[in-house]
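Understanding the architecture of this molecule
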Amino acid sequence: MNRRTVGAVGCGLGVALVFLGGCGGAQEGVSVSQTEVIEQERDALVTRTVSIIAMADTHVSSAQPTSSFGSSQTMVVGRAPESEAYLRFFVDPIPEGRITTARLRVYAIEGSSDGPTAHGPGVYRNWNEETTWNTRPVHSTSWLATSAVVPDGSWMEFDVTNVHVGPNSFSDLFLKADGDDSVTIASSEHPDPALRPQLLLTVESAPDHPTNPLVPFAVATPPLTFVATEDTFVSADAPTSSAGGSAQTLVVGNGPEREVHLRFNVQGLPETVQRAVLRLHLARDGSSGGPSVHATQGSWSESSVTWNNRPTKTGSRLDRMPFLEPWGFVDYDVTASVRGNGSVTLGLYAQSADGVSFHSRESSSASAPQLLVWTGTPRTPPPDACLTRRELQTTTVLPLHDAYVDAYHQDRSYHRDATLQVDSGAVSYLDFDVKPFPGQVRRVLLQLYALEATGSGPRIFKAQPFDPYTISWHQQPTTLYPFGDLGPVKKDQWVEYDVTNEVTAPGRHAFGLVPDSSDGLSFASVDAHWGYILHAAPRLVIVTESEPFCSYRGTNPAGGTLQGTQAGRPEAERSRDTASVPGGGFVVLSAVEQTLDSTPWSSQTDVVTLHREDGGIAWSREFPQANVEFRKVTVTTLGNVLVAGEYRGAPDLGKGALPLAGNTGLFVMKLTPSGAVDWTRGYTAWFDDGTVRHENPMAVYDLATDAHGSAVVTGSFWGSTDFGGGELRSGKTFPYDESLPNSFIVKLQWDGAYAWAQTLKSPGIRGAQAMALTVDAQENITVGGTTGQGIDFGDGPVYRNGLFVARWSPSGVYQWSRVMGVNHSRMSGVVVLPDGGVVFAASFEGGLAFGGRTYASKEPDEYEGGPWDAVLGRLGPTGEEVSLRHFQQTPARSSFFQDLVLDGAGNLVVSLGGFGGLLGLGEVGPPGVTSPPRPTVASFTASLEPRWVRVLDVLQSDLRLSPAGEGVIVTGDFAGAFELDGTWYTSTAQRSDLLHFKLRR
């Protein structure tokens, strides 16, 4: 923990936030080596300052235009005569981390009343130590930093962070005079190594902190408060005593061993729990090793419980606050143990011999233990035909800039660092530019991520907006008034200040953080986020409630909610694909993080889950093998589950190792109706140039099955592959430039044996992408996708880019194809109608040729830079163009379909990201252009006439669809809270969770 006391130099902090000067810091040490770390790690982040001595420097003078001064011990910068100085640094490999600041430091032997300005690299001409005035480079016209009065024998320091500085590279800097008098500085040839020019790099990393810390819910409503109905403490040195039940203080510690037990009776919660906090008031004893909180089990009462018959703790630790200050409040997050109405029992367990005491319910009502519970905003199911609802919207605003000032370095502005220091010698400031926000403000929170622990967090002041380049200890922003404080703070914890009364309108809003104790504390800064050190930037979270809007158009009850199911795993889970189960139910592919604190890009466990028709789980099978990704799933008529995905290496999915894939291989797997692995097949791609065999990547696009239980897969590959019928060539050797691969179609029999395969080849740069696949009742295979020029499906080459739909017989015989010309397109899904016709969902940019006319996107751009429009198109049984619906947003915004299925009554159901109001049934969804787009489900007749459209609350994923009986199952994942027809769903532990709900067809 970084603890500093400035009182020794006369600069202690009181309640005021405006500081006076007069407290200078000691001169920093100077490196004498070429590259040396001159500061050590501190607790908040791993921070190193690397000192680099100039490898070359010189100055030039207009008075001696042909002379060079590269061997001089000094350099002169001035105007009479005009003189400039040039410095070059070479940055060796640096310690692990990212460079957050760069400072040029030079020593002034003879000062100036107006110091020089630092500029970046030259515009043209290189330089060396032989350079003269006549051969000098032209420096950058934009300046990096300037100096004011420079006394003799002092150091000048310039913030040159805006110059690109990286390992194994050179950095050039130029100094040019601003005033009439000159300054003489020590060069790299100066006899005193301590005075030579230096480049100081601050390098920061966060190896001891989560890289993607979980952000707490921004709840919109005040909490419900429950006072403890029973509380006590028990002690090992009095194992039969129950005296703690009537005590006014509750003691926990290890000398002797003592535990605190609490009970709350939670009743009357109007909605699902979004957050729960245990709040305790400390008595006279604080601690530097505070207790942990656990859920407990076992019956007890405060009048009779003793050490011998006390309840037992269950599960892992809910929360802990190590540093506790006497007479203050402390909050513990216990959300994981408060899931609804009922009795909640909690225990506090010592983590050190340093005991601590809290006030009990017998002391006073103001200091009694409390449980604060936040729930979703109470809603009732919409009663009207358009399902009118209000929506809570959360807008996150990162700082325009943030900085801290330091009493030890009073002239510095720490606006580039990855931390915000709040200490007895440091104050932090944040400045936000809040844009207009929709709806009525319900709550505004300032959230900060603590990198250290303290017994008493900082106070917060409203401040005036500021310029980060001019802020310093002597020039701090004007502060207005204090309005908040923090209690104990633990390391790696998000803390919140309620700033609702301070942020009442758009505009600039600035805040100051001032220490409330001698304990040092630091928070992650916005530069830690932009520097990819730690994704935990300070943020304003603005919770607003929208005006009422229609979330449904159509004829009730079609599109209404039948049921909802939440997965509720403690680990983060994300959906991959879903499919219907014949006879009722559905199967879901998902990816689960392997630990509670892992990131979305870390190793995942692939999960196959079979749900019954009511949403309950019939079975679930996990596959934790590394370097495997399940992509697509389907279910045969006999209930077998087919899965297709990708892998690297030679993983064993249950039936022996797959063929070794040096690049990305492809696998197909069959599970029995009970979830046992029946068989697996693996395939790889390669290109052999005669001397070297290149391992090439493969990818899975779609998967379908037929009445015989076959597996039909589409995907892409480079070079060659062999599915069992001999070498199959893609027409493209290996990945290069921006070229896209070609695709395959492969059919495996019910037992995994090879049936047949086809290659879809386009020699053009775009290749052929067979993205969507379906098998009809006659077992014909219909494929949709995009293609470049020159593809030959079987009728001869087609010399245009476009969307395509093509059909093959069950035995792989080509039947027909249709290419609809367009430069840029994406296929989202295809379905076959009962008459053999086809409906496809796609998006395009440019001009789409269909049915004898050209449909233009909103703002066509031949280089694929404009917004994309969405289309639903219908083809006849032999591919003839029948009809097309074109959806175009105003103002221009891209529109994409996510999924397309055919329900049990032969109607089309699509999922899409927004633009529900364009489907032809009237305005639906929040008014105006909002971000992010709202997930939407809609239904059309087979002739593309709209039936109903439903706009939903915000989710974190695309929506996957699977027909199910009288409706359609919608699957997605969410992180936070999701409201559906008056019911709130809250993701477990604030992490991504799966949600399945069924809509009437």
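No experiment lies behind these values; they were computed from the predicted model shown.

Summary statistics for the protein chain give a mean pLDDT of 89 and a share of 93% for residues scoring 70 or more. Counted against residues more than four places away or in other chains, residues 1-43, with its pLDDT under 50, gives 126 contacts.

Once that is clear, we can look at unusual backbone geometry. Cis peptide bonds are those with omega within 30 degrees of zero, and the linkage from Ala80 to Pro81 qualifies with 0°. Tracing the backbone shows Pro81 in the loop between strand S4 (74-79) and strand S5 (82-91). Residue Pro256 follows Gly255 across a cis peptide bond; omega there is 0°. Along the chain, Pro256 falls in the loop between strand S15 (249-254) and strand S16 (257-266). The phi dihedral of Asn168 falls on the positive side, at around 60°, and the residue is not glycine. Its location among the elements puts Asn168 in the loop between strand S9 (154-159) and strand S10 (169-176).

Taken as a whole and assessed by the stated rule, the structure comprises one disulfide. Covalent S-S linkage joins Cys386 and Cys550, the inter-sulfur distance amounting to 2.1 Å. Disulfide Cys386-Cys550: the torsion about the S-S bond is -65°, which places it as left-handed. A residue pair is termed long-range when its members are at least 10 positions apart, and Cys386 in the loop between strand S23 (370-375) and strand S24 (388-389) and Cys550 in strand S37 (residues 549-550) qualify at 164 residues. For the residue pair Cys386 and Cys550, the accessibility class agrees, reading buried in each case.

Taken from the UniProt record, the annotation "domain: Carbohydrate-binding module family" (unreviewed entry) applies to residues 49-202, 225-373 and 394-527. The span residues 225-373 carries 0% helix and 47% strand; its end-to-end C-alpha distance comes to 6 Å.

The biggest cluster of nonpolar side chains holds 31 residues, and the ones touching the most others in it are Leu278, Tyr332, Val334, Phe358 and Leu371. Mapped by element, the contributors of at least two residues to this core are S15, S16, strand S17 (273-281), strand S20 (329-333), strand S21 (342-349), strand S22 (356-359) and S23. Among the nonpolar cores identified, the runner-up in size contains 30 residues, and Ala85, Phe89, Ala118 and Val160 belong to it.

Before going further, it helps to examine the environment of Gly457. Locating Gly457 in the fold gives a position in the loop between strand S30 (440-450) and strand S31 (459-463). Those residues in contact with Gly457 that sit more than four places away from it in its chain are Asp485, Leu486, Gly487, Val489, Asp516 and Leu521.

Turning our attention to the sheet that holds strand S56 (residues 768-775). Strand order in this open sheet of four strands is S56-S57-S60-S61, and the pairing throughout is antiparallel. On the outer flanks of this sheet lie S56 and strand S61 (814-821), each paired with one strand and no other. Strand after strand, the sheet turns through a mean of 20° between neighbouring axes, direction not considered. Across seven bridges, strand S60 (residues 802-808) lies against S61 in antiparallel orientation. Bridging across to S61, Trp808 finds its partner in Tyr814.

Taking strand neighbours across the sheet as the criterion, the five strands line up as S38-S71-S70-S69-S68 in an open arrangement whose pairing is antiparallel. Here the strands that pair on one side only, and so sit at the sheet edges, are strand S38 (552-553) and strand S68 (897-902). Pairing between strand S70 (residues 935-940) and strand S71 (residues 946-951): five bridges, direction antiparallel. In the sheet register, Ser939 faces S71, and the bridge partner there is Trp948.

Glancing now at the pattern of salt bridges. Tallying each qualifying case throughout the model produces 37 salt bridges. Across the salt bridge formed by Asp331 and Arg279, the nearest N and O atoms sit 2.8 Å from each other. Here the residue Asp331 occupies a position in strand S20, and Arg279 occupies one in strand S17, the gap between them amounting to 52 residues. Taking relative accessible area as the criterion, Asp331 reaches 29% and is therefore assigned partly exposed. Between Asp614 and Arg612 there is a salt bridge whose closest N-O contact spans 3.7 Å. Judged by relative accessible area, which is 51%, Asp614 ranks as exposed.

Rules used throughout
Residues numbered from 1 in each chain as written. Predicted model: local features only at pLDDT ≥ 70, side-chain atom pairs only at ≥ 80, totals over all residues. Heavy atoms only, no water. pLDDT = per-residue confidence, 0-100. Contact = heavy atoms within 4.5 Å. Helix = DSSP H or I, 4+ residues; strand = E, 2+ residues; numbered from the N terminus. Disulfide = S-S within 2.5 Å. Buried < 20%, exposed > 50% of the residue type's maximum accessible area, 1.4 Å probe, protein only. UniProt positions renumbered as here; feature names shortened; annotations may be inferred. Core = buried A, V, L, I, M, F, W, Y, C linked by side-chain atoms within 4.5 Å. Pairing = 2+ DSSP bridges. Axes fitted to C-alpha atoms, helices over the stretch in contact; angles between N-to-C directions. Salt bridge = Lys/Arg side-chain N within 4 Å of Asp/Glu carboxyl O.

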